[in-house]
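Observations on the three-dimensional arrangement
Given next are the chains, with one letter for each unit.
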Amino acid sequence: MTTAGPAGARLDAQTFPYGRYRTAGRWLGRTWRSPAMRALTKAVLTIWITTTLTFGLIRLMPGSPVDIKIEELTRDGAMTYEEARGMVGALIAIDLDAPVHEQYLSFLEHLARGDLGASFLSSGTSVSSIILAVLPWTILAVGVGTFLSFIVGVLIGLVAAYRRGGWFDNLFVTGSSIVSSIQPYLLAVMIIVVFGVQLRWLPVAQMRGATTPGIAPGFTLEFIGDVLYHASLPILMFFLVHIGHWVLSMKSATLGSLEEDYVAAARARGLSDARITTAYVGRNAILPLVQQLAIAAGFIVGGSILIETLLVYPGVGYRLDRAIAQRDYPVMQGILLVITASVVVANLVADLVYSKIDPRIGRPGGASG
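Residues numbered from 1 in each chain as written. Predicted model: local features only at pLDDT ≥ 70, side-chain atom pairs only at ≥ 80, totals over all residues. Heavy atoms only, no water.

**Some thoughts on the pattern of salt bridges**
Considering all chains together, one arrives at two salt bridges under this definition. Close ionic contact of Asp169 with Lys251 constitutes a salt bridge, the shortest N to O distance being 2.9 Å. One end of the pair, Asp169, is in helix α7 (residues 167–181); the other, Lys251, is in helix α10 (residues 221–258), and 82 residues separate them in sequence. An identical accessibility class is assigned to Asp169 and Lys251; each is buried. (Salt bridge = Lys/Arg side-chain N within 4 Å of Asp/Glu carboxyl O. Helix = DSSP H or I, 4+ residues; strand = E, 2+ residues; numbered from the N terminus. Buried < 20%, exposed > 50% of the residue type's maximum accessible area, 1.4 Å probe, protein only.)

Structure representation (structure tokens):
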């Protein structure tokens, strides 16, 4: 096949490869029609856009790590401003006076190599090592608290739906509504003030931190017990923060399932109430909550700045609070990037899992699950 050029020249298919472009276009079209590929593309774009906005917003915050560190060094008159300026300039490798777009391109270049950079104020310490050091504590406290609240909340919500109008329903649903309406940090303050300070039931001062000072880390019963002792208060708080939502959501979903035709059909077939509850009502009512749990799992990585700071618990939230106070840009960027990625991936997994466990739900784009 040949075509005539503007000057009358003859171009064959090898010189002007329309066929190759059409083949590439068809391949891209088929790829984009894949629900998984569209979801993955959206996830990557969401992470990139959020990271870019975070990078810009961090630098709009008043003050800079240079100013804060200079103020700290000159506070007691130990150094002059010039001496402190020289020390801070040697400590912070990035030129904060460079244009923002140059800093951004440098950040993306390092990020593409898997390098989150180094902390400004912890000389020689990489952001990755800082995150890896605090992440297990957050996963322990927030993860255990969240999953325990899910299990207990689902059971309470299921029983409350079957006993609606009774004392069990009124007691637990009212309590769940009250707990859900209180902000997490206020709930934490109330627990500390009432049970720790007034009633002295909780030794809050001794339970602060992740471990008791001086205890040797290792896989020993003493160390594991000490870790669980210090984590019990954060676990309790995260448990109370989330349980109200699960109770109310499960009761609502169960009441909706009880009105379905398949429940009436199961009863007409003579199935026992226990069989109907486990195989029909409970199984269908819990489906939307499984998706919510998968999404909540993504937020586990972020922890809670207020609760972890209040308890001096060295998790991700506590470390992010310190980084914000010190304007440690690399640490802030790294932690927020990890939180964003975990939430986006959790949403992606939740959609895929839900389409698998519930065949009635179609995949994005109209494809059946």
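Moving on from the coordinates now.
**With respect to a nonpolar patch on the surface**
A contiguous nonpolar patch, built from Val189, Met190, Val193, Val194, Phe195, Val197, Leu199 and Trp201 and spanning about 700 Å² of accessible area, is present on the exposed surface. Along the chain, Phe195 falls in helix α8 (residues 184–198). (Patch = residues over 30% accessible without salt bridge, like charges linked within 9 Å, V, L, I, M, F, W, Y side chains within 5 Å. Areas by Shrake-Rupley, 256 points an atom, 1.4 Å probe, with all protein chains shown as cover.)

**A word on the packing of aromatic side chains**
With the rule as written, the count across this model stands at seven aromatic pairs. Arranged with centres 5.8 Å apart and planes meeting at 75 degrees, the rings of Trp167 and Phe168 form a pair that is edge-to-face. Looking at Trp167, the relative accessible area reads 63%, which means it is exposed. Centroid distance Phe168 to Phe172: 4.5 Å. Interplanar angle 40 degrees. Geometry classified as tilted. Of this pair, Phe168 and Phe172 both sit in helix α7, separated by four residues, roughly a single helical turn. (Phe/Tyr/Trp six-rings, centres within 6.5 Å; stacked < 30°, edge-to-face > 60°.)

**Some thoughts on the nonpolar core**
Counting 20 residues, the largest nonpolar core has Val316, Val331 and Ile335 as its most contacted members. Put simply, the parts of the chain that give this core at least two residues each are α6 (127–162), α15 (316–326) and α16 (329–357). By residue number, the principal contributor to this core is α16, which donates seven residues. When near neighbours in sequence (up to four residues on either side) are disregarded, Val316 contacts Val134, Leu135, Thr138, Val301, Gly302, Glu308, Ile335 and Ile339. Core analysis: the second largest hydrophobic core is formed by 18 residues, Ala141, Met207, Ile307 and Tyr313 among them. (Core = buried A, V, L, I, M, F, W, Y, C linked by side-chain atoms within 4.5 Å. Contact = heavy atoms within 4.5 Å.)

**Some details on unusual backbone geometry**
You will see that Val312, though not glycine, has its phi angle at about 50 degrees, which is positive. Positionally, Val312 belongs in the loop between α14 (305–310) and α15. Under the relative-accessibility criterion, Val312 is labelled partly exposed at 33%. The phi dihedral of Arg327 falls on the positive side, at around 55 degrees, and the residue is not glycine. Examined against the element boundaries, Arg327 turns out to sit in the loop between α15 and α16. Note on Arg327: relative accessible area 14%, which makes it buried.

**Digging into the packing of α10 against helix α12 (residues 273–285)**
It is at 8 Å that the axes of α10 and α12 come closest, and there the two elements cross at 130 degrees. Classified by the angle their axes make, α10 and α12 are oblique. Like other packed secondary-structure pairs, α10 and α12 cross with a definite hand, here right-handed. Seen from α10, the contacting residues are Met250, Ala253, Thr254, Ser257 and Leu258; seen from α12, they are Val281, Gly282, Asn284 and Ala285. A breakdown of the residues in the contact of α10 with α12 according to their chemical character gives five nonpolar, four polar and no charged. (Axes fitted to C-alpha atoms, helices over the stretch in contact; angles between N-to-C directions. Parallel < 35°, antiparallel > 145°, perpendicular 65-115°, else oblique. Left-handed = near helix turned anticlockwise from the far one by under 90°. Nonpolar A, V, L, I, M, F, W, Y, C, P; charged D, E, K, R; others polar.)

**Overview of the environment of Asp226**
Within the fold, Asp226 resides in helix α10. Here the alpha-carbon distance between Asp226 and Met207, two residues 19 residues apart in the chain, equals 9.4 Å. Setting aside its immediate chain neighbours within four residues, Asp226 contacts Ala210, Thr211, Thr212 and Ile215.

**What to know about empty space enclosed by the protein**
Summed over all chains, the structure comprises one cavity of 30 Å³ or more. Taken as a whole, the largest cavity holds about 40 Å³ of empty space. Every residue lining the largest cavity is listed: Thr50, Thr51, Thr54, Phe55, Phe107, Gln333, Leu336, Leu337 and Thr340. Per-class residue counts for the lining of the largest cavity are four nonpolar, five polar and no charged. (1 Å grid on protein atoms, 1.4 Å probe; cavity = no way out; pocket = protein on both sides within 12 Å on 5 of 7 lines; lining within 4 Å. Points joined across faces, edges and corners; volume = space filled by probe spheres on them.)

**Regarding helix α13 (residues 287–300)**
Helix length check: α13 (14 residues) gives 20 Å between terminal C-alpha atoms against 20 Å at 1.5 Å per residue, within 8%. Listing the buried residues of α13 in full gives Leu287, Leu289, Leu293, Ala296, Gly298 and Ile300. (Expected span 1.5 Å × (residues − 1).)

**Notes on the side chain of Asp226**
No salt bridge is formed by the buried Asp226. Its closest oppositely charged neighbour is Arg208, at 15 Å. Looking at Asp226, its side chain comes within polar contact range of the side chain of Thr212, at 2.5 Å. (Lys, Arg positive; Asp, Glu negative; His and termini not counted. Polar contact = N/O pair within 3.5 Å; in protein donor to acceptor, adjacent residues only side chain to side chain.)

**Comments concerning the confidence of the model for the protein**
For the protein, the average pLDDT comes to 80, and 82% of its residues sit at 70 or higher. Summarising per-element confidence for the protein, the mean pLDDT is lowest in strand β2 (residues 10–12) (48) and highest in α6 (91). Note that residues 7–13 has pLDDT below 50 and, in this model, 11 contacts with residues that lie over four places away or in other chains. Predicted confidence is poor over residues 362–369, with pLDDT under 50, and the contacts of this stretch with residues over four places away or in other chains come to 14 contacts. (pLDDT = per-residue confidence, 0-100.)

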